[in-house]
Amino acid sequence: MHTQVVIVGAGPAGLLLGQLLTRHGIDNVIIERRGPDHVLARIRAGVLEQGTVALLHEAGVGQRLAEEGLAHDGFSIAFEGRQHRVDLKGLTGKQVTVYGQTEVTQDLMEARRAAGTTSFYEAEDVQLHDFDGASPRVSFTYEGKRRRVACDFIAGCDGFHGACRASVPAGAIETFERVYPFGWLGLLTDRPPASHELVYASSAFGFALCSMRSPTRSRYYVQVPRDESAEAWSDERFFAELRRRLPDEVAAAVTPGPSLEKSVAPLRSFVAEPLRFGRLFLAGDAGHIVPPTGAKGLNLAASDVHYLFEGLREHYAERSDAGLDAYSARALARVWKAVRFSWSMTNLLHLFPEASPFDQRIRRAEFDYLVQSQAALASVAENYVGLPY
Ligand code: APR
Ligand code: PHB
């Protein structure tokens, strides 16, 4: 089999790239390790930057997002019970849209199915061949048979644990990593959110986040030790711990409910350089990971896909490789700024086990400065709504 672009991974990055390529007549095939239901069952982030929303509309999957997405003009940060609203709209003229990654993935999967574009789900033992030459290929086992797809380019959209970055010779790639000494225990429940906007709370007991998926579905997180298991947390224990970390008026507005999902996500910052190896391009979590404190993971996958799609479109439509040659540097420039923002928000809001009394005073001073400085608030706001592509 031959196609123009093989996409490895059917998460948001792979599906969005596939949809953009298909709409521009560029043949592509997606090869995904898991089944569709498994991909959809993963509960992930839920805040979209305006650039991501625009890209989803460009991909032809903005309908439900426009109908069901919740436009937010701000969010709140709380520190030791003191709450302060970050006025995104007032400070940047922009807003963010709350719409779950599961919904984004669902919309993209349906669009791909409607377009009749080829996807191989439950593909095993995916291997990349000759991507540093002129005729790359991807082989995999599908329905018990070994398959091989020849292509012009491979898009590695297979996430942090995928095969694509792992296929790059160690000497050709450099990685940068910060592993945090804690994780986030997340809970999903069909109860109205505690607040109409997101609340990121830092307390002496640790970090907590109040988010949502709709006016009737809440998403909550509490910081837990890195190796914590979700099974150690009953719903009752979760809500008690959540409430004691929130400002009083927010805690009082939390409506506990049965958990639809409960899981622990480890926090890490990770960047691979470069993001291109011959005819292999890494996009999304395959190339970088951010702690969810800045809601950047899905949005960085979107900006990577924007840059990569533009490069591929130019290659086929204008016979120019300028966009592909610039991809890695352009994507990394935006990635590192988002990694910085996510790292800074994580440091500001979390209780680090080994923090000294000095560290604690610095964190409090950081918050006190932030809430009294329009310049500091504007800086947080412009990073949160998303820096320009
Ligand atoms: N072969 C084929 N597919 C693979 C392989 C492999 N060897 N390894 C992983 N995959 C698939 C995974 O099953 C997953 O469906 O690649 C997909 C990668 O999707 P994501 O991990 O969601 O990454 P990405 O599409 O870049 O989206 C980033 O997802 O994890 C969140 O927080 C992250 O919001 C961010 C977003
Ligand atoms: C979520 O709703 O899952 C969410 C929102 C904002 C974040 C992280 C997660 O920063």
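Just so you know, these numbers come straight off a predicted model, no measurement behind them.

## Some thoughts on the site of ligand 2
- Residues in contact with ligand 2 amount to 15 residues; listed here are only the nearest, Tyr200, Ser211, Arg213, Tyr221 and Pro292.
- At 2.7 Å from an oxygen atom of ligand 2 is found a side-chain nitrogen or oxygen belonging to tyrosine 200.
- Backbone polar atom of alanine 295 to an oxygen atom of ligand 2: 3.4 Å apart, as the coordinates give it.
- Relative to its free-state accessible area of 280 Å², ligand 2 is covered by the protein chains to the extent of 99%.
- Those elements that provide at least two residues to the shell around ligand 2 are strand S15 (206-214) and strand S16 (217-225).
- Top contributing element to the shell around ligand 2 by residue count: S15, with 3 residues.
- Taken together, the residues of the shell around ligand 2 break down into 9 nonpolar, 3 polar and 3 charged.
- When we break the shell around ligand 2 down by domain, the ones giving at least three residues each are domain 1 (5-71 + 98-177 + 268-346) and domain 2 (180-267 + 352-385).

## A few points about the domain arrangement of the chain
- Annotation of the chain at the domain level lists domain 1 (5-71 + 98-177 + 268-346) and domain 2 (180-267 + 352-385).
- Taken together, the contact pairs 23 residues of domain 1 with 21 residues of domain 2.
- A combined buried area of about 1,800 Å² lies between domain 1 and domain 2, and 66% of that area is made up of carbon and sulfur atoms.
- Counting every contact that joins domain 1 to domain 2 gives 0 salt bridges.
- Applying the counting criterion to the domain 1 and domain 2 interface returns 4 residue pairs in polar contact (both at pLDDT 80 or more).
- Those elements giving two or more residues to the side of domain 1 that touches domain 2 turn out to be strand S17 (259-273) and helix H10 (322-349).
- No other element matches the 5 residues that H10 contributes to the side of domain 1 that touches domain 2.
- For the side of domain 1 that touches domain 2, a count of residues per class yields 10 nonpolar, 7 polar and 6 charged.

## Thoughts on the environment of glycine 297
- Relative to the helices and strands, glycine 297 resides in helix H9 (residues 297-318).
- Under the relative-accessibility criterion, glycine 297 is labelled partly exposed at 26%.
- Linking glycine 297 and threonine 3, residues 294 residues apart in sequence, is a C-alpha distance of 29 Å.

## Some points on the layout of surface pockets
- Put simply, the second largest pocket is a space of about 530 Å³.
- Residue lining of the second largest pocket: 22 residues in total, with Ser344, Asn347, Leu348, Arg363 and Glu366 positioned closest to the centre.
- By residue class, the composition of the lining of the second largest pocket is 11 nonpolar, 6 polar and 5 charged.
- When residues of the lining of the second largest pocket are sorted by domain, at least three fall in each of domain 1 (5-71 + 98-177 + 268-346) and domain 2 (180-267 + 352-385).

## Here's the deal with the sheet that holds strand S3 (residues 47-48)
- Spatially, the 3 strands line up as an open sheet ordered S3-S7-S4, and their pairing is antiparallel. Of all the strands in the sheet, just S3 and strand S4 (70-72) have a single pairing partner and so form its edges.

Calculation notes
Residues numbered from 1 in each chain as written. Chains lettered and ligands numbered in written order. Predicted model: local features only at pLDDT ≥ 70, side-chain atom pairs only at ≥ 80, totals over all residues. Heavy atoms only, no water. Near = heavy atom within 4 Å. Polar contact = N/O pair within 3.5 Å; in protein donor to acceptor, adjacent residues only side chain to side chain. Areas by Shrake-Rupley, 256 points an atom, 1.4 Å probe, with all protein chains shown as cover. Helix = DSSP H or I, 4+ residues; strand = E, 2+ residues; numbered from the N terminus. Nonpolar A, V, L, I, M, F, W, Y, C, P; charged D, E, K, R; others polar. Domains from an automatic or database assignment. Contact = heavy atoms within 4.5 Å. Buried area = accessible area lost by both parts, 1.4 Å probe. Salt bridge = Lys/Arg side-chain N within 4 Å of Asp/Glu carboxyl O. Buried < 20%, exposed > 50% of the residue type's maximum accessible area, 1.4 Å probe, protein only. 1 Å grid on protein atoms, 1.4 Å probe; cavity = no way out; pocket = protein on both sides within 12 Å on 5 of 7 lines; lining within 4 Å. Points joined across faces, edges and corners; volume = space filled by probe spheres on them. Pairing = 2+ DSSP bridges.

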